[in-house]
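Topology and contacts: notes
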Amino acid sequence: MYYNNWRLALSIFWAVLGAVLIVLTQTELLDSSMYSGMGGALVAVGALQIARNLKYRKDPAYREKIDIELQDERSRYLRQKSWAWTGYVVVLVEGVGAIAAALLGNRTVQLALSYSVWLIIFVYWVSYLVLSRKY
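It should be emphasised that the depicted structure is a prediction, and the values quoted were computed from it without experimental measurement.

Things to note about the packing of aromatic side chains
Inspection of every chain in the model, using the stated rule, returns four aromatic pairs. Between phenylalanine 122 and tryptophan 125, the ring centres sit 6.1 Å apart and the planes meet at 45°, which makes this aromatic pair tilted. Of the two residues, phenylalanine 122 and tryptophan 125 both sit in helix H5 (residues 107-134), three residues apart, roughly one turn of that helix. Of the residues examined, phenylalanine 122 reaches a relative accessible area of 36% and is grouped as partly exposed. Of the aromatic side chains, those joined through ring pairs into one cluster are Trp118, Phe122 and Trp125. One Lys or Arg, lysine 55, reaches over the ring of tyrosine 62 and ends 4.5 Å from the middle of that ring.

Right, here's the structure in full:
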């Protein structure tokens, strides 16, 4: 079963946490309005996930559709390819951003982007070594 009680409880937690952030911002215990916006987003996501979870439990046709989507080989392949493309795009954009930051003299941004590219490439290398032994 894709949606279990743990997922429902987690969705309720996010909605309650969002409501708490909104209340704390309105009572001025938190200074920034950023927390109010984050709270609103958490309430919205939590409510949508709760509705989705309840629909999965009550509607057999929807349950079958979701189960097929999650276990279908084509969907798995598309998710895998999407992650691969995302990795390439992120590394290239961050690399270009690091070069642009260096040309503009912004050392902090250059270092942050360079370290991020290094971390992604390092994780790729480690995962490649692990997977090459496994398969």
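And the narrative resumes.
Some remarks on a nonpolar patch on the surface
Among the surface-exposed residues, Trp118, Leu119, Phe122, Val123, Tyr124, Trp125, Val126, Tyr128, Leu129 and Val130 lie close enough to one another that they form a single nonpolar patch of about 1100 Å² accessible area. Locating tyrosine 128 in the fold gives a position in helix H5.

Criteria and cut-off values
Residues numbered from 1 in each chain as written. Predicted model: local features only at pLDDT ≥ 70, side-chain atom pairs only at ≥ 80, totals over all residues. Heavy atoms only, no water. Phe/Tyr/Trp six-rings, centres within 6.5 Å; stacked < 30°, edge-to-face > 60°. Helix = DSSP H or I, 4+ residues; strand = E, 2+ residues; numbered from the N terminus. Buried < 20%, exposed > 50% of the residue type's maximum accessible area, 1.4 Å probe, protein only. Lys NZ or Arg CZ within 6 Å of the ring centre and 35° of its normal. Patch = residues over 30% accessible without salt bridge, like charges linked within 9 Å, V, L, I, M, F, W, Y side chains within 5 Å. Areas by Shrake-Rupley, 256 points an atom, 1.4 Å probe, with all protein chains shown as cover. Salt bridge = Lys/Arg side-chain N within 4 Å of Asp/Glu carboxyl O.

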